[in-house]
Amino acid sequence: MKLSRSFYERDTVEVARDLLGMHLVRVVQGRRRVGRIVETEAYLGAVGDRAAHSFRGKTPRCAVMFGPPGHAYVYFIYGMHHCLNVVTEPEGRACAVLIRAIEPVENIDGKTCGPGLLCRALDIDRSLNGADLLGGALFLERPRGRREAAVEAGPRVGVDYAGAWALKPWRFFLPDSDCVSRRPAGRPVRK
DNA sequence: TGCCGGATCCTG
DNA sequence: AGGATCCGGCAA
């Protein structure tokens, strides 16, 4: 069942946590590519989050964040990767949730553990920036029989420049998944 | 107009 | 540890 506008129009941290276990669906040439979301991060433009693209106000790149909830904010980074966000909260708050990792469920080729990799696997680029997530090309679904799973939180990845905001535990992931782009801070996992 | 660095990923 | 490789955002 497709997630409704009201699902997105809520507190961003809650949305980020609730998105774990949901299915991300990308339709390419009538074929559904589906992945299970296992890692997200909340970005709160509304409260001055220095790590958020919207922190310094509305610019052409992040304009979609200032729009209505339930739309895709896709940006291009490091000259070679795309990242997918979903816009949250009432219009104008400029908040979004970054989708960082999915597990393959249906018709997925290639790696999907990491924001750039999942966009490559799902053929997501800036042509989808601003796309309505209640439309047919890109949307999220609550899978039937979605099971309860352990959730962990920690600091967001790659935002050390954001000072105190970098410490906020706004990264959420399913620790039981082996498809998490980066382990929590601390010692690397040994085998 | 120029330049600096990034919500990343891969290789060595 | 460092390179790839574009472009957004800010300073000048």
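One structure accompanies this document, and this report is about it.

1. Notes on the protein's contact with DNA strand B
- Inspection of the region around DNA strand B gives 18 residues, with His 53, Tyr 75, Asn 85, Gly 116 and Tyr 161 positioned closest.
- Counting only the atoms of DNA strand B that lie within 4 Å of the protein, the sugar and phosphate share comes to 50%.
- Measuring from a phosphate oxygen of DNA strand B, one finds a backbone N or O atom of Gly 116 at 2.8 Å.
- The contact in question runs from a phosphate oxygen of DNA strand B to an N or O atom on the backbone of Leu 117, over 3.1 Å.
- For the surface near DNA strand B, the secondary structure elements donating two or more residues are β3 (72-77), β4 (81-88), β5 (95-106) and α3 (115-121).
- With three residues, α3 is the largest single contributor of residues to the surface near DNA strand B.
- Its residues placed into classes, the surface near DNA strand B shows eleven nonpolar, six polar and one charged.

2. Observations concerning the layout of surface pockets
- For the largest pocket, the calculated volume is near 530 Å³.
- In this structure, the largest pocket is lined by 24 residues; those nearest its centre are Tyr 75, Tyr 78, Arg 100, Val 157 and Gly 158.
- Considering only residue class, the lining of the largest pocket consists of 15 nonpolar, six polar and three charged.
- Approximately 240 Å³ is the volume found for the second largest pocket.
- For the second largest pocket, the lining is made up of 14 residues, of which Leu 20, Gly 21, Arg 146, Arg 147 and Ala 149 are closest to its centre.
- Per-class residue counts for the lining of the second largest pocket are five nonpolar, three polar and six charged.

3. Considerations on the protein's contact with DNA strand C
- For DNA strand C, the full set of nearby residues is Arg 56, Thr 59, Pro 60, Arg 61, Phe 76, Tyr 78, Gly 79, Met 80 and Arg 126.
- Counting only the atoms of DNA strand C that lie within 4 Å of the protein, the sugar and phosphate share comes to 69%.
- Here a phosphate oxygen of DNA strand C sits 2.4 Å away from a polar atom, N or O, in the side chain of Thr 59.
- Here a base oxygen of DNA strand C sits 2.5 Å away from a polar atom, N or O, in the main chain of Tyr 78.
- Looking at side-chain class alone, the surface near DNA strand C contains four nonpolar, two polar and three charged residues.

4. Some thoughts on the side chain of Arg 36
- Following the sequence through the fold, Arg 36 ends up in strand β2 (residues 31-44).
- Residue contacts for Arg 36: discarding those within four places in its chain leaves Gly 21, Met 22, His 23, Ala 101, Ile 102, Glu 103, Val 105, Arg 147 and Leu 174.

5. Quick word on the packing of aromatic side chains
- Under the definition given, this model contains three aromatic pairs.
- Relative to Tyr 8, the ring of Phe 7 lies with its centre 5.6 Å away and its plane at 85°, an arrangement referred to as edge-to-face. Of the two residues, Phe 7 and Tyr 8, both sit in the buried class.
- Ring geometry for Tyr 73 and Tyr 75: centres 5.5 Å apart, planes at 35°, overall tilted.

6. Some points on the nonpolar core
- Formed by 37 residues in total, the largest nonpolar core has its most connected members in Leu 19, Leu 24, Leu 84 and Leu 140.
- Of all the elements in the fold, those that place two or more residues in this core are α1 (5-8), α2 (12-18), β2, β3, β4, β5, α3 and β6 (138-141).
- Element by element, the count of residues in this core is highest for β5, at five residues.
- Those residues within four positions of Leu 19 in sequence are excluded, and the remaining contacts are Leu 3, Phe 7, Ile 37, Thr 40, Val 86, Val 97, Ile 99 and Leu 140.

Rules used in this analysis
Residues numbered from 1 in each chain as written. Chains lettered and ligands numbered in written order. Predicted model: local features only at pLDDT ≥ 70, side-chain atom pairs only at ≥ 80, totals over all residues. Heavy atoms only, no water. Near = heavy atom within 4 Å. Polar contact = N/O pair within 3.5 Å; in protein donor to acceptor, adjacent residues only side chain to side chain. Helix = DSSP H or I, 4+ residues; strand = E, 2+ residues; numbered from the N terminus. Nonpolar A, V, L, I, M, F, W, Y, C, P; charged D, E, K, R; others polar. 1 Å grid on protein atoms, 1.4 Å probe; cavity = no way out; pocket = protein on both sides within 12 Å on 5 of 7 lines; lining within 4 Å. Points joined across faces, edges and corners; volume = space filled by probe spheres on them. Contact = heavy atoms within 4.5 Å. Phe/Tyr/Trp six-rings, centres within 6.5 Å; stacked < 30°, edge-to-face > 60°. Buried < 20%, exposed > 50% of the residue type's maximum accessible area, 1.4 Å probe, protein only. Core = buried A, V, L, I, M, F, W, Y, C linked by side-chain atoms within 4.5 Å.

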